[in-house]
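Coordinate inspection notes
Listed here are the chains, written in short residue letters.
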Amino acid sequence: MIYNVKGILTYTDPNFAVVECGGVGFKCFVSMTTLKELPSIGSEVNLFTYMSVREDALDLFGFFNVDELEAFKLLISVSGIGPKAAIAILSVLTPSRLSLAVSSGDVRSIQTAQGVGKKTAERVVLELKDKMLGFGTSQADIQNVQSVASSDEAQEAVEVLVSLGFNQSDAAKVIGAMDKSLSADEMVRKGLRQLSSQL
């Protein structure tokens with residue numbers, strides 16, 4: 001198994017990058033997240049890799065860091081999620097945002113990935129609920145997200161923020177950290193201030 005590829009970045013495409021090592025160009029399928037992190041063409045790069053072996057194909061997937069590689073491995077362990085769907089999910093959600101989405105049951109954010117429907121996104125949440133801790137997300141953030149379920153006011157505030165166009169995971173993280181004795185309106189006002197300042 002090839003664990004990483006280190007060499008000169010010779011070509012990039014919206015779906016893959018080519019890294020030349022010892023005169024051989026390795027085509028690595030990458031997420032948009034990794035693509036944004038890549039240096040300019042002609043620079044040295046190191047990608048952590050996963051090799052997918054099928055009867056009709058031998059594909060190499062590249063990741064800018066180990067967290068993304070580990071998140072990818074967890075995603076392809078979900079029934080119905082293949083390597084291409086996992087890359088699509090990691091193109092719209094970084095590992096830490098995916099961890100928050102799974103913790104908060106944020107099916108909608110996972111669904112924004114190309115080719116991922118509601119049932120598949122629900123399966124990701126269900127099967128990875130206890131496996132996606134970490135990945136740059138603090139235990140406090142996860143507890144805040146999960147604490148929303150214990151308060152009707154907090155749940156209502158999150159729903160309002162989502163209807164205003166904010167990501168459910170981000171809204172749940174912000175609202176979950178608030179005093180649960182606040183009214184839903186107060187939570188929404190405070191949440192709007194915090195989320196707007198992060199834009």
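It should be emphasised that the depicted structure is a prediction, and the values quoted were computed from it without experimental measurement. (Residues numbered from 1 in each chain as written. Predicted model: local features only at pLDDT ≥ 70, side-chain atom pairs only at ≥ 80, totals over all residues. Heavy atoms only, no water.)

Okay, the overall build of the chain next. In terms of regular secondary structure, the chain is built from 10 helices and five strands. With the C-alpha coordinates aligned to their principal axes, the bounding extent of the chain is approximately 65 × 35 × 25 Å. Relative to its full complement of 199 residues, the chain shows a buried share of 46%. The long-range fraction of contacts in the chain, counting pairs at least 24 apart against all pairs at least 6 apart in sequence, stands at 55%. (Helix = DSSP H or I, 4+ residues; strand = E, 2+ residues; numbered from the N terminus. Buried < 20%, exposed > 50% of the residue type's maximum accessible area, 1.4 Å probe, protein only. Contact = heavy atoms within 4.5 Å.)

The next subject is the nonpolar core. In this structure, Leu75, Ile81, Ile89, Leu98, Ile110, Val124 and Leu128 are the most contacted members of the largest nonpolar core, which totals 32 residues. Taken together, the elements giving at least two residues each to this core come down to strand E2 (16-21), strand E5 (58-63), helix H2 (66-76), helix H3 (83-92), helix H4 (95-104), helix H5 (107-111) and helix H6 (118-128). If near-sequence neighbours (up to four positions away) are discounted, Ile89 is found in contact with Leu75, Ile81, Leu98, Ile110, Ala113, Val116 and Val124. Counting 15 residues, the second largest nonpolar core, distinct from the first, contains Ala154, Ala157, Ile175 and Leu195. (Core = buried A, V, L, I, M, F, W, Y, C linked by side-chain atoms within 4.5 Å.)

Moving on, we get to the environment of Ala88. Structurally, Ala88 can be placed in helix H3. Overall, the relative accessible area of 14% leaves Ala88 in the buried class. Along the chain, Ala88 and Glu70 lie 18 residues apart, while their C-alpha atoms are 15 Å from each other. Setting aside residues up to four positions removed in sequence, Ala88 forms contacts with Ala113 and Gln114.

Along the chain, Thr49 falls in strand E4 (residues 44-53). Judged by its relative accessible area of 4%, Thr49 falls in the buried class. Dropping the residues within four chain positions of it, Thr49 is found in contact with Ile2, Tyr3, Asn4, Val5, Cys28, Leu60, Phe61, Gly62 and Leu69.

The interhelical angle for the contact between H2 and H3, taken along N-to-C directions, is 130 degrees, at an axis separation of 9 Å. Taken together, H2 and H3 sit at an angle that is classed as oblique. Relative to H3, the crossing made by H2 is right-handed. Judged by residue contacts, Glu68, Ala71, Phe72, Leu75 and Ile76 of H2 engage Pro83, Ala86, Ile87, Ile89 and Leu90 from H3. Of the residues in the contact of H2 with H3, the class split is nine nonpolar, no polar and one charged. (Axes fitted to C-alpha atoms, helices over the stretch in contact; angles between N-to-C directions. Parallel < 35°, antiparallel > 145°, perpendicular 65-115°, else oblique. Left-handed = near helix turned anticlockwise from the far one by under 90°. Nonpolar A, V, L, I, M, F, W, Y, C, P; charged D, E, K, R; others polar.)

Our next topic: the state of the cysteines. Evaluation of the coordinates by the stated rule reveals zero disulfides. Just so you know, Cys21 is unpaired, no disulfide at all, and the nearest cysteine sulfur is the one on Cys28, 8.0 Å from it. Overall, Cys28 belongs to the buried group, its relative accessible area being 0%. (Disulfide = S-S within 2.5 Å.)

The sheet contact formed by strand E1 (residues 4-12) and E4 spans five bridges and is antiparallel. Its bridge partner lying in E4, Gly7 is registered against Val45. Bridge analysis of E1 against E2 gives four bridges, and the strand direction is antiparallel. Directly across from Ile8, in E2, lies its bridge partner Glu20. Following E1, the chain reverses through three residues before pairing antiparallel with E2. (Pairing = 2+ DSSP bridges.)

This brings us to the sheet that holds E1. Strands in a sheet are paired, the pairing made by backbone hydrogen bonds, and the direction either parallel or antiparallel. In space, the five strands of this closed barrel follow the order E1-E2-E3-E5-E4, with mixed pairing throughout. Each strand axis lies, on average, 55 degrees off the axis of its neighbour in the sheet, ignoring direction. Packing against the sheet, H2 makes contact with E4 and E5, and its axis sits at approximately 15 degrees to E4. Taken strand by strand, H3 contacts strand E3 (24-29), E4 and E5, and its axis lies near 20 degrees from that of E5.

Right, let's get into the side chain of Thr33. Checked against the element boundaries, Thr33 lands in helix H1 (residues 32-37). At 2.6 Å, the side chain of Thr33 and the backbone oxygen of Leu90 are in polar contact. Ignoring sequence-local partners within four residues, the contact set of Thr33 consists of Glu68, Leu90, Ser91 and Thr94. (Polar contact = N/O pair within 3.5 Å; in protein donor to acceptor, adjacent residues only side chain to side chain.)

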